[in-house]
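This is what each chain is made of:
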Amino acid sequence: MKVAIVHDWLVTFGGAERVVQRMCTIYPEADIYTLVYDEKKMNRFFPKKKIHTSWIQRIPFATRLYTKLLKYMPGAFESFDLSGYDLVLASSSCCAKGVITAPNVPLVAYIHSPMRYAWDLYFDYRNRSSKLTQFFMARWMPNIREWDYISSQRIDTVLANSAYIARRIYKFWKRESTVLYPPVDTERLKPNGLPAQDFYVVFSRFVPYKRIDLAISACGTLNRKLVVIGAGSQEKELKALASSFKGAQIIFTGRISDEAVQDYLQRCRALIFCAEEDFGIIPVEAQACGRPVVAFGKGGAKETVLEGKTGVFFDAQTPESLTQALLRFEELEASKAFDATAIAAHAGTFSTTRFDSAFKRIVSEAMHHADIGRTAREDTP
């Protein structure tokens, strides 16, 4: 069986790319089609010999400028000739799901999210953009929305990475979907068997929607030790905020190895997670290490964290709401409400083994339906 995997772009390695990596593990001979590919950053995850890029790759500095070329992405994905494949898998939060396949070739699309900047987060993106970008967004986005809806109807099997995203898929595409949580390497992450140490952890890219500022402000106000892991465009701003809390122990580690991240997650009191994410792999990784999570109570975290058992939620993205949640967490912690073994067992329900098994079953069903349809067409006089 000849398989093609289509992904939006391969320029950084994150949660969506982990899904593609699992697809490649299940179908090791598959070819990968993508808008642009950064060989220096991605070759160790996805070898160049397996990659087919769009014509946008030929544009100078394409791996840095591709986000400015949304208008041309639908045509770029539709230009891929997938006629020689028996199965097409898409991993999409933008346009990858819009490839064209033959009627007898199933297209199974794993949707991380419908295009956020085209639909419910359009005004957030517009208001944070320059006047020039706002001008082009107003001109281009109606056509992008129309194409996004039309192309969603080409998918044979729609998979959503959470119930939260399944609701968005139905809202904007009027498509029913099957929830399949992303694979998390819970087999690698284990509790260390030792009592927690007196610090909290934030692990994230330093970008505005992650709301790391909330964790810094809450821990600074309460004079709690916080370890901030990661890097990004907000680094100077966040360090300046941390320095405004005199005497607070807020430590920035920068980018560190997976082993070092695991060590911090195993030793911390809890992970603080302030973003509204589609799913959110980091909270599951922290739980796999036996540690609770203090999370914003919207988005995917509501599906991965159990209130009072594996963590607590805060209701609003404000320092005050998070501060109250931390105090409530510490009361529960003092009463021995959190058991590391039970927390890790819960995280195990999101394992790669679980993902692989469910994904293979879903694809097998899609292939079966395609065969039935093919036979019916052949039998029609």
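It should be noted that the structure appears before, not after, this text.
Predicted model only: the values in this text are computed from it and were never measured.

### Concerning helix H6 (residues 131-152)
Spanning 22 residues, H6 covers 30 Å between terminal C-alpha atoms, matching the ideal 32 Å at 1.5 Å per step. Largest kink in H6: about 40 degrees, centred on Trp140, with the proline Pro142 one to four residues after it. Those residues of H6 that fall on the buried side of the exposure criterion are Met137, Met141, Ile144, Trp147, Asp148, Ser151 and Ser152.

### A few points about the layout of surface pockets
Each pocket or cavity is described by its volume, and for the second largest pocket that value is around 280 Å³. If you go around the second largest pocket, you meet 19 residues; those closest to its centre are Pro195, Ala196, Arg291, Glu333 and Phe338. Tallying contributions element by element places helix H13 (residues 319-334) first for the lining of the second largest pocket, with three residues. Looking at the lining of the second largest pocket, its residues break down into 11 nonpolar, four polar and four charged.

### A few points about the packing of helix H8 (residues 212-222) against H13
Between H8 and H13, whose axes approach to 9 Å, the crossing angle comes to 60 degrees. Put simply, H8 runs oblique to H13. In terms of crossing hand, the pair formed by H8 and H13 is right-handed. Here Leu214, Ala215, Ser217, Ala218, Cys219 and Leu222 of H8 lie close against H13, whose contacting residues are Pro319, Leu322, Thr323, Leu326 and Leu327. Residue classes in the contact of H8 with H13 are distributed as nine nonpolar, two polar and no charged.

### Here we look at the packing of aromatic side chains
Counted by the stated rule, this structure contains 18 aromatic pairs. With 6.4 Å between their ring centres and 70 degrees between their planes, Tyr72 and Trp140 make a pair best called edge-to-face. Of the two residues, Tyr72 is situated in the loop between helix H3 (62-65) and helix H4 (73-78) and Trp140 in helix H6; the sequence distance between them amounts to 68 residues. Their ring planes at 90 degrees and their centres at 6.1 Å tell us that Phe199 and Tyr264 sit as a pair that is edge-to-face. With a gap of 65 residues between them, Phe199 in the loop between strand S7 (178-179) and strand S8 (200-203) and Tyr264 in helix H10 (residues 258-267) connect regions that are remote in the sequence. Given a relative accessible area of 4%, Phe199 falls into the buried group. Relative accessible area serves as the criterion here: at 22%, Tyr264 is assigned to the partly exposed category. Grouping aromatic residues by their ring pairs yields a cluster made of Tyr33, Phe77, Phe80 and Tyr85. Across from the ring centre of Tyr85, 5.0 Å away, lies the NZ or CZ of Lys2, which sits over that ring.

Cut-off values and rules
Residues numbered from 1 in each chain as written. Predicted model: local features only at pLDDT ≥ 70, side-chain atom pairs only at ≥ 80, totals over all residues. Heavy atoms only, no water. Helix = DSSP H or I, 4+ residues; strand = E, 2+ residues; numbered from the N terminus. Expected span 1.5 Å × (residues − 1). Bend = angle between axes of the 7 residues up to and from the residue. Buried < 20%, exposed > 50% of the residue type's maximum accessible area, 1.4 Å probe, protein only. 1 Å grid on protein atoms, 1.4 Å probe; cavity = no way out; pocket = protein on both sides within 12 Å on 5 of 7 lines; lining within 4 Å. Points joined across faces, edges and corners; volume = space filled by probe spheres on them. Nonpolar A, V, L, I, M, F, W, Y, C, P; charged D, E, K, R; others polar. Axes fitted to C-alpha atoms, helices over the stretch in contact; angles between N-to-C directions. Parallel < 35°, antiparallel > 145°, perpendicular 65-115°, else oblique. Left-handed = near helix turned anticlockwise from the far one by under 90°. Contact = heavy atoms within 4.5 Å. Phe/Tyr/Trp six-rings, centres within 6.5 Å; stacked < 30°, edge-to-face > 60°. Lys NZ or Arg CZ within 6 Å of the ring centre and 35° of its normal.

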